[in-house]
Amino acid sequence: MKKTILFTPENRAKRAFTLIEILIVIAIIAVLAALTTRVADSVTQAQGRSRAAADMAAIAVGLDAFKGMYNDYPRLSAKGGVENCARRLYKCLAGQSYMKVEDRQVKFIDVDKESDYKPLLDVTLMRIGDPSDPDASVSNYDNDRNAFIDPWGNPYLYYYDTSIMVGSIGAWEGTSFFLMSMGEDGESAEVQSMFSNGIMPNEDDYRSNVKNVDNIVYGWD
């Protein structure tokens, strides 16, 4: 004989989730969401650092090509103004400007826009933007406000090494320049005299300042 089961309100109540069970499920979902977000942020940060390192390596190749043509690296420093330095560096490597030294005076001369530019690196592979508005779309590569922008929307910092003893302790490996990105927080603290004479301190001294922990320096990262 087939047994008939009656679903009474009491039976249905027993089969439903309790409030505690629902809260536990919500807590588990929240923990998993937090872990997923943290992993995603970590991956994004790693991708940003890799992109910044690759960008600076390409810029360094362009700088070497510039030195081969004009016998020196661009005598620029972010200390004199981050945005102006970034724009001038872009023009130098995009083939839109060249450097000339006369009577110990450094002059940057813009190339006639009617002539053929000879870029020293493929700027189309770089992130280009206006340092004052890095998220604005780039309509052309001849814009005087263009600069090389890092993955976090800040211009790369460039410093010409004016130290007399290039290659001495603390100098930037004798290359006469160094490049850096301020990282995700967009902050960088002055260390020793690097902002005035281009001498890069050793990594331990530099990283000891909390504002420099996430900075990416060409040759270190």
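Refer to the structure printed above.
The numbering scheme is per chain: residues are counted from 1 as the chain's sequence reads. Residues qualify for local features only when their pLDDT is at least 70, as the model is predicted, and side-chain atom pairs are given and counted only at 80 or more; totals for whole chains, interfaces and linings, by contrast, use all residues. To obtain the side-chain values, all non-hydrogen atoms of the structure were used and water was disregarded.

## Thoughts on a nonpolar patch on the surface
Rule in force here: Patch definition: residues with relative accessible area over 30% and no salt bridge; like charges joined within 9 Å; nonpolar side chains (Val, Leu, Ile, Met, Phe, Trp, Tyr) joined within 5 Å. In these tables, accessible area is a Shrake-Rupley quantity obtained with a 1.4 Å probe, and a residue counts as shielded only by the protein chains included in the view. When a carboxyl oxygen of Asp or Glu is within 4 Å of a side-chain nitrogen of Lys or Arg, the pair counts as a salt bridge. Helix numbers and strand numbers start at the N terminus; a helix is a DSSP run of H or I with at least 4 residues, a strand a run of E with at least 2. Exposed residues in this analysis have more than 50% of their type's maximum accessible area, buried residues have under 20%, and partly exposed residues fall in between, with area computed by a 1.4 Å probe over protein chains only.
On the surface, a cluster of nonpolar side chains totalling about 580 Å² of accessible area is made up of Ile20, Ile24, Ile28, Val31, Leu32 and Leu35. As for its position among the elements, Val31 is in helix H2 (residues 19–70). For Val31, a relative accessible area of 48% translates into the label partly exposed.

## Some points on the pairing of strand S1 (residues 97–102)
In the case of a regular strand, side chains alternate between the two sheet surfaces. Put simply, the test is: Following DSSP output, two strands are said to pair if at least two bridges run between them.
Bridging between S1 and strand S2 (residues 105–110) involves six bridges; their strand directions are antiparallel. In the strand pairing of S2, Met99 is matched with Phe108. The turn linking S1 back onto S2 is made up of two residues, and Asp103 within it adopts a positive phi angle of 50°.

## Topic: helix H3 (residues 82–93)
Heads up, the condition is: In this analysis, the expected span of each helix is defined as 1.5 Å times one less than the number of residues it contains.
The end-to-end C-alpha distance of H3, which contains 12 residues, comes to 17 Å, matching closely the 16 Å that a straight helix rising 1.5 Å per residue would cover. Cys85, Ala86, Arg87, Leu89, Tyr90, Lys91, Cys92 and Leu93 are the residues of H3 that are buried. Positive phi shows up at Gly95, right after H3, with a value of about 80°.

## What to know about the sheet that holds strand S5 (residues 157–160)
Across the sheet, three strands lie side by side as S5-S6-S7; this open sheet has antiparallel pairing. Of all the strands in the sheet, the pair left with one neighbour each is S5 and strand S7 (216–217). Relative to S7, strand S6 (residues 177–181) is paired through two bridges, and the arrangement is antiparallel. Looking at S7, one finds that Met180 is bridged to Val217.

## Some words on the pattern of salt bridges
Inspection of the entire model under this criterion finds 11 salt bridges. One salt bridge connects Arg207 with Glu203, and the closest N-O pair in it is separated by 3.3 Å. Linking Arg207 with Glu203, this pair stays in helix H5 (residues 203–207), spanning four residues, or about one helical turn. Looking at Glu203, the relative accessible area reads 33%, which means it is partly exposed. A cluster of three or more residues bridged by salt bridges with shared partners is formed by Glu83, Arg87, Asp130 and Arg145.

Spatial relationships are all this shows, so hold off on functional conclusions.
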